[in-house]
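Chain by chain, the residues run as shown.
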Amino acid sequence: MEISYKNLNSRRVAVFISGRGSNLKAMLNNEKNRILNGEISFIYSNEKNALGLNYAKKFNKDFESFPYKKKNEGHLLRILKAKNIDIIALAGFMKILSSHFIAKFKGLIVNIHPALLPSFPGLNAQKQAYDYGTKISGVTVHFVDNDLDGGIIIKQRAINIENCGNADAVTKKILRLEHKIYTEALNILLTKKWHIEGRHFIYE
Ligand code: GAR
């Protein structure tokens, strides 16, 4: 499936979560402090008890929670359209979006992954990297297409994990980085002129 990569018309962002929502929290704080150059206009959780929904409430944001199922996709797409959402940021969203949803959503979908893709895709990437014994890991922000964690890379940052000692410490170190990088990547998408050549994301 071809994704029509395009520069955005608005700066209205939807964030999809499933759980804790610390990346959402960082984005909301960054929006409030004018570090994020966009407007978080809608939050969706596929889990009604997701802790991250407390941030949606605290920051007075529109949100909805219902299971991510085929029969609900149309409803979700209609909400996104009604709210003029141009970009979806997956932030710990633990469901795989269907190819139907990706094709129907006419904007862009991006994801943050806690490792340096293409190494360690899938779940528990931080532990995968630690267990493998890599000295360096990091964070990847990438477009979402139909390949799991395989979309074009927008931004990556590496960190040394040599002295972390255990997977939890790696996870914590990477999470601190995630909270900065996701906003930086979104700002590029929202404010810069950019285009895609092959697998290369290029911005001015
Ligand atoms: C983050 O570490 C994010 O990178 C990861 O889930 C965590 C969510 O934390 N996502 C994935 O592993 C996706 N494959 P948060 O809910 O506190 O933002």
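Right, let's walk through the structure included here. The shown structure was predicted, so the numbers you read here are calculated from the model rather than taken from an experiment.

**A few points about the sheet that holds strand β3 (residues 63–65)**
Now for step 1: Ordered by their spatial adjacency, 7 strands build an open sheet running β3-β2-β1-β4-β5-β6-β7, and the pairing between neighbours is mixed. Here the strands that pair on one side only, and so sit at the sheet edges, are β3 and β7 (153–160). Ignoring strand direction, the axes of neighbouring strands in this sheet form an average angle of 20°.
Now for step 2: As paired strands, strand β4 (residues 87–90) and strand β5 (residues 108–113) are joined by 4 bridges and run parallel to one another. Paired with I88 across the bridge in β5 is I109.
Now for step 3: Strand contacts of helix α1 (residues 22–32): β1 (12–17), β2 (39–45), β4 and β5, with the helix running at about 160° to β2, the strand carrying the most contacts.

**Some details on the layout of surface pockets**
Now for step 1: Of the volumes computed, that of the largest pocket is approximately 950 Å³.
Now for step 2: Lining the largest pocket are 39 residues, and of these G92, F93, M94, I112 and L123 sit closest to its centre.
Now for step 3: Mapped onto the lining of the largest pocket, the elements with two or more residues apiece are α1, β5, α5 (125–132) and α6 (167–191).
Now for step 4: At 5 residues, the largest contribution of residues to the lining of the largest pocket is made by α6.
Now for step 5: Of the residues that constitute the lining of the largest pocket, the class distribution is 17 nonpolar, 14 polar and 8 charged.
Now for step 6: The calculated volume of the second largest pocket comes to roughly 250 Å³.

Quick notes on the rules
- Starting afresh in each chain, residues are numbered from 1 along the sequence in its written order.
- With pLDDT at 70 or above as the cut-off, local features in this predicted model cover only qualifying residues; side-chain atom pairs require 80 or more to be listed or tallied, and sums for whole chains, interfaces and linings still use all residues.
- Hydrogens and water are ignored here; the side-chain numbers use all heavy atoms of the structure.
- What makes two strands pair is DSSP finding at least two bridges between them.
- Under the DSSP-based scheme used, a helix requires at least four consecutive residues in state H or I and a strand at least two consecutive residues in state E, with every element numbered from the N terminus.
- All axes here are fitted lines through C-alpha atoms, helices being fitted over the stretch that makes contact, and every angle between N-to-C directions spans 0 to 180 degrees.
- Here, two residues are considered to be in contact whenever any of their heavy atoms come within 4.5 Å of each other.
- Cavity: a set of points on a 1 Å grid over the protein atoms alone where a 1.4 Å probe fits but cannot get out. Pocket: an open set with protein on both sides within 12 Å along at least five of seven lines, its lining residues, like those of a cavity, having an atom within 4 Å of a point.
- Grid points are joined across faces, edges and corners, and a volume is the space filled by probe spheres set on the points.
- Polar here means any residue outside two lists: the nonpolar Ala, Val, Leu, Ile, Met, Phe, Trp, Tyr, Cys and Pro, and the charged Asp, Glu, Lys and Arg; Gly therefore counts as polar.

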